[in-house]
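Single-letter residue listing:
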Amino acid sequence: MAESWDGNHDPGSPSEESYHLERLHIEPIYDAFICPLTKQVMQDPVTLENGMSFEREAIEKWFKECRDSGRKPVCPLTHRDLKSMELNPSIALRNTIEEWNTRNEAAQIDMARRSLSLGSGEGDIMQALKFVQHLCQKSRANKHVIRNAEVIPMIVDMLKSSSRRVRCKALESLLVVVEDDDDNKEIMAEGDNVRTIVKFLSYEQSKEREAAISLLYELSKSKPLCEKIGSVNGAILILVGMASSKSENLVTVEKAENTLENLEKCEINVKQMAENGRLQPLLTLLLEGSSETKLSMAVFLGELVLNNDVKVLVSRTVGSSLINIMKHGNMSSREAALKSLNQISSDEYSAKILIEAGILPPLVKDLFFVGANQLPMKLKEVSATILANIVNTGYDFDSVPVGSEHQTLVSEDIVHNFLHLISNTGPAIECKLLQVLVGLTSSPTTVFNVVSAIKSSAATISLVQFIEAPQKDLRVASIKLLRNLSPHMGQELARCLRGTSGQLGSLIKVISENTGISEEQAAAVGLLADLPERDRGLTRQMLDEGVFQLAISWIVSFRQGETRGSRFVTPYLEGLVKVLSRITFVLTDEPDAVALCRERNVAALFIELLQTNGLDNVQMVSAMALENLSQESKNLTKLPELPKPGFCVSIFPCLSKPPVISGLCKVHRGTCSLKDTFCLLEGQAVDKLVALLDHTNEKVVEASLAAVCTLLDDGVDIEQGVQVLCEAEGIKPILDVLLEKRTEPLRRRAVWAVERLLRTEDIAYEVSGDPNVSTALVDAFQHGDYRTRQIAERALKHVDRIPNFSGVFPNTG
């Protein structure tokens, strides 16, 4: 008697082994059906001369062993010699066995159908699934039998079982059923079958996951099923994740990769893969596909959001191809190529690859060309956007030809064409072209060419007018461009802003918006800050427009922590401080400026800003402003009115004694205060300025030293100024600045300060013993400019390094 389903399956549990053919109503196996050698039912029975029947393959193997061992052929059952090894097909027996098999398998299939129910026991279901696997593996024709018996949907239902063993066995069984059988795969495409299988891919590190990916890989060999798999939400994303996993089973990773390769047969799947970071299939189709496919892929590429690493890959792989399409394709192809190039050009490294691939000449041609095949304005905007992306890479555009006569982007006629387009197109393309000029003026190697072209085209006024544009992006681009131009065209820009057109008012309106600090605000205040600070007319207008009061309010707000932070806060604050410092450059000529500084205690605010650690520009500008304020102190100090001398004193001056007046500033010799006369001493600013002499930024050191030097300037009591610096322990830091010789302006300023210090005998005596200081002064005397050498000479006389001949020769004047 045979086992329950088939003699070939692995023995199961005792309950499974208890099934017998009688119980299952399966016909018994006759002894004549069994090969004596294999002990299995024969499939191709043959008969020997003695009438014994064997499986053909088994008896042939027996005869071979006899020959190989040098023995005569004998019957394996009787062990008697055989005269002949002729094998006669047992056709009648084979037909009988096949009929028996057919009836037996039909009964077993019927039993399997009854067992494949969620209501059946786990053992019965497992046994049925094993039988189906065995049946299909035995003969490909049996797969059709299984399909015709409608067993496949029943196996799919087993995927819903609560038993993990059943689910896993069902997946394995479906793989056997559909392997190399398109008809069975077609059944799997019905309903939610594929979606159910995909669901198992999310089972982390499980046998079901491995079985599901194996089944899915087999199904993906069918193109209709490729579309079906791709249509399951999240399927491709999961597969991409599995294929790139570092922790997944290597076989699973390989199956996922192979499945994705099969899915690439459908363009819609390729697009999904690209969306999920697997871009190579799309790039391959863009390079090798039909014209329609290339266009489709290019269009889709232009709509993708790519990270920078992927942009570099795309540029290297298809950048040249896209540029070629842009140059020679029809209008729809050019549009697709331009949109793709727009995507990838926004990364600096990608943009450089495109430049080297030759994108600039056709790009410029598309922008300027007018004629039958010219780009529509919406595509010229895309071209301008690509160009704006590219010029912000900092590439050396002065060396890249873009025209037939070897012009570059900064050639005068090319810049003139940009300016012409800016004045004669819509806001969108105007904005992008302004951004192109922003990029070109951001580089020290190209800014002078652009400035020259703007001056020769008299375009300054038209560029300034964009400050009043209603479109924010356009305003931002124009303000950023003007800011880049201001160091080279500051006076011209100041004249334009001083006009009656209202651009200065528009800038002030942008700066004063209380909606959080934006890029536009930072650019606007930066533009104002970079204009010539000694332009009295502009400063006067800014005073009338309330710019300085606005700057003070914003700076105080920053100091008190009331302003919302953003990445533009620092440049905005730096710009505000520089704008406010403008007022300190006109104090001598503008009484209203003095009045405002007194009213708002501007000197105190700048002293506070000296301590803005981490913001070098704020500290530098604050020190510069304090220098200007301190320079004005000697003009604002109220000198005491001395009583008129009496009669005797007027006759005998030797009887007079200088009156003693308390409360006077010892440096300025009058009545001082920080608020009214901007006195650094009264404002306790000297210690803070001295502390900055040790700053790592030489510009901060230079500005701080300049402010300190106002205490040693002509018109003040230099001896008392030296005393103040001694008390603030400022002598050594000043000498250190001289010794370090970091920059020529610093050395010049330090030599001046040291000469003033050495006028005090005690300091001169002490310094004369320091060879380092003497050496530094000698170096300045030998290598400095004319003015520095004169001052260094005087300083060396104070320490007796150069003899003073003024007392040797009589004054003949």
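Going by what an unreviewed UniProt entry lists, the chain is known as RING-type E3 ubiquitin transferase and is assigned to Anisodus tanguticus. Heading Pathway (unreviewed entry) of the UniProt record for the chain holds this comment: "Protein modification; protein ubiquitination." The UniProt entry for the chain carries the following comment under Catalytic activity (unreviewed entry): "S-ubiquitinyl-[E2 ubiquitin-conjugating enzyme]-L-cysteine + [acceptor protein]-L-lysine = [E2 ubiquitin-conjugating enzyme]-L-cysteine + N(6)-ubiquitinyl-[acceptor protein]-L-lysine."

Chemist: For this particular structure, what's the right way to read the overall build of the chain?
Modeler: If you tally the helices and strands in the chain, you get 45 helices and three strands. Taken over the C-alpha trace, the chain has a radius of gyration of 47 Å; the compact-globule value for 813 residues is 28 Å, which it surpasses by more than 25%. Reported as C-alpha extents along the three principal axes, the dimensions of the chain are approximately 170 × 70 × 55 Å. Counting across all 813 residues of the chain, residues that qualify as buried make up 50%.

Chemist: Can you help me understand the environment of Asn 307 in this one?
Modeler: In this structure, Asn 307 sits in the loop between α17 (291-303) and α18 (308-328). A relative accessible area of 46% means that Asn 307 is categorised as partly exposed. Of the polar contacts made by the side chain of Asn 307, one reaches the backbone nitrogen of Asp 309; its length is 3.2 Å.

Chemist: Got a minute to help me understand the sheet that holds strand β1 (residues 45-47) in this structure?
Modeler: Whether parallel or antiparallel, the strands of a sheet pair through hydrogen bonds between backbone atoms. Reading across the sheet, the three strands line up as β2-β1-β3 and stay open at both edges, with antiparallel pairing between neighbours. Each edge of the open sheet carries a strand with a single partner, namely β2 (53-55) and β3 (88-89). In terms of strand pairing, β1 meets β2 through three bridges, oriented antiparallel. What sits directly across from Pro 45, in β2, is Glu 55.

Chemist: How do you make sense of the nonpolar core when you look at a structure like this?
Modeler: Generally speaking, soluble globular proteins have nonpolar side chains that are buried together. The biggest cluster of nonpolar side chains holds 193 residues, and the ones touching the most others in it are Ile 359, Leu 360, Leu 409, Leu 580 and Leu 725. Ranked by residue count, the leading element in this core is helix α27 (residues 472-497), at 11 residues. If we ignore the near neighbours within four places in the chain, the residues touching Ile 359 are Ile 323, Met 326, Leu 341, Leu 354, Ile 386 and Ile 390. Counting residues in each nonpolar core, the second largest holds 55 residues, with Leu 116, Met 154, Leu 201 and Leu 219 among its members.

Chemist: What's the story with unusual backbone geometry in this structure? I'm lost.
Modeler: Most of the time, phi is negative for any residue but glycine, and the peptide bond is trans. In this model, Phe 678 sits at a positive phi of 60°, which is unusual for a non-glycine residue. Here Phe 678 lies in the loop between α37 (674-677) and α38 (686-691). Phe 678 sits in the buried class, given a relative accessible area of 1%. Phi is positive for Gln 684, close to 55°, though the residue is something other than glycine. Relative to the helices and strands, Gln 684 resides in the loop between α37 and α38. The class for Gln 684 is exposed, based on a relative accessible area of 63%.

Chemist: Teacher, can you tell me more about the packing of aromatic side chains here?
Modeler: How two aromatic rings sit relative to each other is given by the distance of their centres and the angle of their planes. Counted by the stated rule, this structure contains seven aromatic pairs. Taking 5.3 Å as the distance between ring centres and 80° as the angle between the ring planes, the aromatic pair formed by Tyr 30 and Phe 33 counts as edge-to-face. Exposure remark for Tyr 30: the relative accessible area of 44% places this residue in the partly exposed category. Here Phe 33 falls in the buried class, since its relative accessible area comes to 5%. Measuring from ring centre to ring centre gives 5.4 Å for Trp 554 and Tyr 572, while their planes differ by 85°; the resulting arrangement is edge-to-face. Residue Trp 554 is found in helix α31 (residues 547-559), and its partner Tyr 572 is found in helix α32 (residues 569-581); the two are separated by 18 residues along the sequence. Accessibility assignment for this pair places Trp 554 and Tyr 572 in one class, buried. Through a chain of ring-to-ring contacts, the aromatic side chains of Tyr 30, Phe 33 and Trp 100 assemble into a single cluster. Across from the ring centre of Trp 62, 5.8 Å away, lies the NZ or CZ of Arg 71, which sits over that ring.

Chemist: In this structure, what is going on with the UniProt feature "domain: U-box" (unreviewed entry) in the chain? I would like to understand it.
Modeler: Here the UniProt feature "domain: U-box" (unreviewed entry) sits at residues 28-107. From the first C-alpha to the last, residues 28-107 spans 12 Å; its make-up is 39% helix and 10% strand.

Chemist: Quick question: what am I supposed to make of the packing of helix α13 (residues 235-243) against helix α14 (residues 250-263) here?
Modeler: In a packed pair of helices, the relevant descriptors are the angle between the two axes and the axis-to-axis distance. Axis separation between α13 and α14 bottoms out at 8 Å; the angle between their running directions is 135°. Judged by the inter-axis angle, α13 sits oblique to α14. Judged by the sense of rotation from one axis to the other, the crossing of α13 with α14 is left-handed. The segment α13 lies against α14, with Ile 236, Leu 239, Val 240, Met 242 and Ala 243 engaging Thr 252, Val 253, Ala 256, Glu 257, Thr 259, Leu 260 and Leu 263. Residues that form the contact of α13 with α14 fall into these classes: nine nonpolar, two polar and one charged.

Chemist: In this structure, what is going on with a negative patch on the surface? I would like to understand it.
Modeler: Taken together, the side chains of Glu 179, Asp 180, Asp 182, Glu 186 and Glu 190 present a region of like negative charge at the surface. As for its position among the elements, Glu 186 is in helix α9 (residues 182-188). Since its relative accessible area comes to 56%, Glu 186 is described here as exposed.

Basis of the calculations
Residues numbered from 1 in each chain as written. Predicted model: local features only at pLDDT ≥ 70, side-chain atom pairs only at ≥ 80, totals over all residues. Heavy atoms only, no water. UniProt positions renumbered as here; feature names shortened; annotations may be inferred. Helix = DSSP H or I, 4+ residues; strand = E, 2+ residues; numbered from the N terminus. Rg over C-alpha atoms; globule rule 2.2 N^0.38 Å. Buried < 20%, exposed > 50% of the residue type's maximum accessible area, 1.4 Å probe, protein only. Polar contact = N/O pair within 3.5 Å; in protein donor to acceptor, adjacent residues only side chain to side chain. Pairing = 2+ DSSP bridges. Core = buried A, V, L, I, M, F, W, Y, C linked by side-chain atoms within 4.5 Å. Contact = heavy atoms within 4.5 Å. Phe/Tyr/Trp six-rings, centres within 6.5 Å; stacked < 30°, edge-to-face > 60°. Lys NZ or Arg CZ within 6 Å of the ring centre and 35° of its normal. Axes fitted to C-alpha atoms, helices over the stretch in contact; angles between N-to-C directions. Parallel < 35°, antiparallel > 145°, perpendicular 65-115°, else oblique. Left-handed = near helix turned anticlockwise from the far one by under 90°. Nonpolar A, V, L, I, M, F, W, Y, C, P; charged D, E, K, R; others polar. Patch = residues over 30% accessible without salt bridge, like charges linked within 9 Å, V, L, I, M, F, W, Y side chains within 5 Å. Areas by Shrake-Rupley, 256 points an atom, 1.4 Å probe, with all protein chains shown as cover. Salt bridge = Lys/Arg side-chain N within 4 Å of Asp/Glu carboxyl O. Lys, Arg positive; Asp, Glu negative; His and termini not counted. Charge placed at Lys NZ, Arg CZ, Asp CG, Glu CD.

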